[in-house]
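Breakdown of the fold
Residues per chain are reported as follows:
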Amino acid sequence: MCLLSQKDVVVSWKPSSEYGGNMYRGEGIIEDTPENIIPFMYLPEHRMHWDKALKSYTLLERIDEDTAICHTVTHSYGMGLISSRDFVDLVRVKRYEGGIVTTNCKYCCRVIILKSITIFFSSTVT
């Protein structure tokens, strides 16, 4: 089911200051409450239906109502030229006055497991 048409979505990019690639940002408006949208984005029973890039998505631990640790495995691409990737993400939902909800945190971490090498990334969101 298409929730937004292309005219309602803006995708932008800029070079990353942290690595030799680009960072992408997608923006759009979904007319619903954050309480309905956030579970759709992050709970395994919903995420696997809409995110076709995923081979698997597992909620490893719910720390509290707004914090969870998730394990994501992507499909391989390009006839195996790009291998499958494993990610362990700390997902933090932050609520502000006025009904604004974000899914970032001041210190977010992502662990990328490539074969037998583990690389840790952390970023500060301002």
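See the structure shown above.
Not measured: the values here are computed from a predicted model.

Section: helix 1 (residues 34-42)
- All of the buried residues along helix 1 are Ile37, Ile38 and Tyr42. For helix 1, the angular spread of the buried residues around the axis is 110°, confining them to a single face.
- Against the buried residues of helix 1 lie helix 2 (44-50), strand 3 (54-64), strand 5 (86-92) and strand 7 (101-102).

Quick word on the packing of aromatic side chains
- One pass over the structure, following the stated rule, counts 1 aromatic pair.
- Arranged with centres 6.1 Å apart and planes meeting at 20°, the rings of Phe40 and Trp50 form a pair that is stacked. On the criterion of sequence distance, the pair formed by Phe40 in helix 1 and Trp50 in helix 2 is long-range, its members being 10 residues apart.
- Positioned over the ring face of Tyr57 is Arg47, at 4.8 Å from the centre of the ring.

Some remarks on the nonpolar core
- Judged by nonpolar contacts, Ile38, Tyr42, Leu54, Tyr57, Ala68, Cys70, Val91 and Val93 together constitute the single largest core of 8 residues.
- Ignoring any residue separated from it by four or fewer positions in sequence, one finds Val93 in contact with Ile38, Asp66, Val101, Thr102 and Thr103.

Notes on unusual backbone geometry
- Look at Met79: it is not a glycine, yet its phi comes out positive at around 55°.
- Structurally, Met79 can be placed in the loop between strand 4 (67-74) and strand 5.

Calculation criteria
- Residues numbered from 1 in each chain as written.
- Predicted model: local features only at pLDDT ≥ 70, side-chain atom pairs only at ≥ 80, totals over all residues.
- Heavy atoms only, no water.
- Buried < 20%, exposed > 50% of the residue type's maximum accessible area, 1.4 Å probe, protein only.
- Helix = DSSP H or I, 4+ residues; strand = E, 2+ residues; numbered from the N terminus.
- Arc of directions from axis to C-beta.
- Contact = heavy atoms within 4.5 Å.
- Phe/Tyr/Trp six-rings, centres within 6.5 Å; stacked < 30°, edge-to-face > 60°.
- Lys NZ or Arg CZ within 6 Å of the ring centre and 35° of its normal.
- Core = buried A, V, L, I, M, F, W, Y, C linked by side-chain atoms within 4.5 Å.

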